[in-house]
2 protein chains.
Amino acid sequence: MIFTDIQKGFMQKAIDLSIENVANGGGPFGAVIVLNDKVVGTGVNRVTALNDPTAHAEVSAIRAACRALGTFSLADCEIYTSCEPCPMCLSAIYWSGIRKIYYCNTKTEAAAIDFDDDFIYQELAKPATARTVEAIPMEELHDDALKAFRAWELNPAKTAY
Amino acid sequence: MIFTDIQKGFMQKAIDLSIENVANGGGPFGAVIVLNDKVVGTGVNRVTALNDPTAHAEVSAIRAACRALGTFSLADCEIYTSCEPCPMCLSAIYWSGIRKIYYCNTKTEAAAIDFDDDFIYQELAKPATARTVEAIPMEELHDDALKAFRAWELNPAKTAY
């Protein structure tokens, strides 16, 4: 595939962020979100710096872009990320509405430096009962829990997404 | 399975949060993180209120618990969530180190009120090239991107996780 200089510039920005972040004590990941050929949010991996296991580059960039644009939908945006997203970040991309991802490093290369996204991909593809993280249904309180779903359905003021 | 009153109390708290959150204009989801029989973090779905597509109950609870405990690892914690986690939240649970999830409502019930986690689970299980969100490798900049991984490997001050 042939990329424009503008596209290469966005990826270069994501890469520069990833390299700077290592110098700043963070993980080697950077991401840039683009709307109409303009950067609207950037992110780097700040898991250990912020004590936030969800502060991956893509999640951070999504939060920054949403904050900047005042919306929870990035349906018209694209993301440039220095590395193929982990399942958390890919799911966040789905929830955000982004439909196109550009990436360089692969999840296999990430696993080789001990960021083992691939393990989580494999776990998610298993049935819940076969995963290493145990998920235990509490049937006894299920009827109570469903009350929130019924309240949501009946709420005329809800903002669906 | 038989649950203790303490365990049922934690789930009741998650359910109460989910019901309150609907009254406050949020999604019908609540979560509680527990360490040594004490609540160390709670969360509700504030996606639309905060313009943050990642602000699901479990992700929010993980962030809160990590903030409260001053750590990025919740390896000794358990999570009580009113609904089975979506792939983003389940991945966040993996990254956080939590090894046990208690839940009530199922992802099928969530899909029935238009929170379609199940679609994302199906997408993640597909090869990247078969997903509806397109992922495009930019080979031309791959060598540059790998520099961040090499810098990480060589950084003696890095905090691995």
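Residues numbered from 1 in each chain as written. Chains lettered and ligands numbered in written order. Predicted model: local features only at pLDDT ≥ 70, side-chain atom pairs only at ≥ 80, totals over all residues.

1. Things to note about the overall build of chain A
The helix and strand tally for chain A stands at seven helices and five strands. Helices (α) and strands (β) of chain A occur, in sequence order from the N terminus, as α-β-β-α-α-β-α-β-α-α-β-α. Each principal axis of the C-alpha atoms in chain A carries an extent, and together these give about 55 × 40 × 35 Å. By the burial criterion, 48% of the 161 residues in chain A qualify as buried. A sequence separation of at least 24 residues applies to 45% of the contacts in chain A between residues at least 6 apart. (Helix = DSSP H or I, 4+ residues; strand = E, 2+ residues; numbered from the N terminus. Buried ≥ 20, exposed ≤ 12 C-beta atoms within 10 Å, placed from the backbone. Contact = placed C-beta atoms within 7 Å.)

2. Some points on the pairing of strand S4 (residues 100–105) of chain B
Most of S4 of chain B is tucked away, with five of its six residues classed as buried. In terms of strand pairing, strand S5 (residues 134–137) of chain A meets S4 of chain B through four bridges, oriented parallel. Directly across from Pro 137 of chain A, in S4 of chain B, lies its bridge partner Tyr 103 of chain B. For strand S3 (residues 78–83) of chain B and S4 of chain B, the ladder comprises four bridges, and the chain directions are parallel. Following the sheet pairing, Ile 79 of chain B is matched in S4 of chain B by Ile 101 of chain B. (Pairing = 2+ DSSP bridges.)

3. Re the interface of chain B and chain A
Taken residue by residue, the interface counts 77 residues in chain B and 77 residues in chain A. In terms of residue count, helix H7 (residues 142–154) of chain B provides more of the side of chain B that touches chain A than any other element does, 10 residues in total. Residue composition of the side of chain B that touches chain A, by class: 46 nonpolar, 16 polar and 15 charged. (Nonpolar A, V, L, I, M, F, W, Y, C, P; charged D, E, K, R; others polar.)

4. Description of the environment of Pro 28 of chain A
Structurally, Pro 28 of chain A is set in the loop between helix H1 (5–23) and strand S1 (30–35). According to the C-beta neighbour criterion, Pro 28 of chain A is buried, with 29 such atoms within 10 Å. Separated by 82 residues in sequence, Pro 28 of chain A and Ala 110 of chain A place their C-alpha atoms 9.3 Å apart. When neighbours within four sequence positions are excluded, Pro 28 of chain A is seen to be in contact with Ser 18, Asn 21 and Val 22 of chain A together with Ala 148, Phe 149, Ala 151 and Trp 152 of chain B.

5. Quick look at the packing of helix H4 (residues 87–96) of chain A against helix H4 (residues 87–96) of chain B
Where H4 of chain A contacts H4 of chain B, the two axes come as close as 8 Å, and the packing angle between them is 155 degrees. With respect to each other, H4 of chain A and H4 of chain B are oriented roughly antiparallel. H4 of chain B is crossed by H4 of chain A, and the crossing has left-handed handedness. Here Pro 87, Met 88, Ser 91, Ala 92 and Trp 95 of chain A of H4 of chain A lie close against H4 of chain B, whose contacting residues are Pro 87, Met 88, Ser 91, Ala 92 and Trp 95 of chain B. (Axes fitted to C-alpha atoms, helices over the stretch in contact; angles between N-to-C directions. Parallel < 35°, antiparallel > 145°, perpendicular 65-115°, else oblique. Left-handed = near helix turned anticlockwise from the far one by under 90°.)

6. Some words on the relation of the copies chain B and chain A
For the match of chain B to chain A, the screw axis carries a shift of 0.0 Å, the RMSD comes to 0.0 Å, and the turn is 180 degrees. Overall, the copies show the geometry of a two-fold rotation axis. Nearest to the rotation axis, the C-alpha of Met 88 of chain B is located 2.2 Å from it, this being the minimum over chain B. (Least-squares fit on C-alpha atoms with pLDDT ≥ 70 in both.)

7. Considerations on unusual backbone geometry
Residues and elements named next belong to chain A. Residue Asp 37 is not a glycine yet carries a positive backbone phi of 60 degrees. Position of Asp 37 relative to the elements: it lies in the loop between S1 and strand S2 (38–44). Asp 37 sits in the exposed class, given 11 other C-beta atoms within 10 Å.

8. Let's talk about the sheet that holds strand S1 (residues 30–35) of chain B
If you walk across this open sheet you meet the five strands as S5(A)-S4(B)-S3(B)-S1(B)-S2(B), and the pairing is mixed. Each edge of the sheet is formed by a strand with only one pairing partner; in this case those strands are S5 of chain A together with strand S2 (38–44) of chain B. For this sheet, the mean angle separating the axes of adjacent strands, direction not counted, is 20 degrees.

9. Digging into helix H6 (residues 117–125) of chain B
Of all the positions in H6 of chain B, only Asp 117, Ile 120 and Leu 124 of chain B are classed as buried. Viewed end-on, H6 of chain B has its buried residues packed into an arc of 60 degrees, placing them on one side of the element. If you follow the buried residues of H6 of chain B, they end up packed against H4 and helix H6 (117–125) of chain A together with H4 and helix H5 (107–112) of chain B. (Arc of directions from axis to C-beta.)

10. Notes on the confidence of the model for chain A
For chain A, per-residue confidence averages 96 on the pLDDT scale, and 100% of positions sit at 70 or higher. Quick note on the complex model: pTM equals 0.97, ipTM equals 0.96. (pLDDT = per-residue confidence, 0-100.)

11. Describing H4 of chain B
Because an α-helix packs 3.6 residues into every turn, residues spaced three or four apart end up facing the same way. Judged by how many residues are buried, H4 of chain B sits mostly within the fold: 10 of 10 residues are covered. If you check which residues of H4 of chain B are buried, you get Pro 87, Met 88, Cys 89, Leu 90, Ser 91, Ala 92, Ile 93, Tyr 94, Trp 95 and Ser 96 of chain B. On its buried side, H4 of chain B packs onto H4 and H6 of chain A together with helix H3 (57–69), S3, S4 and H6 of chain B.

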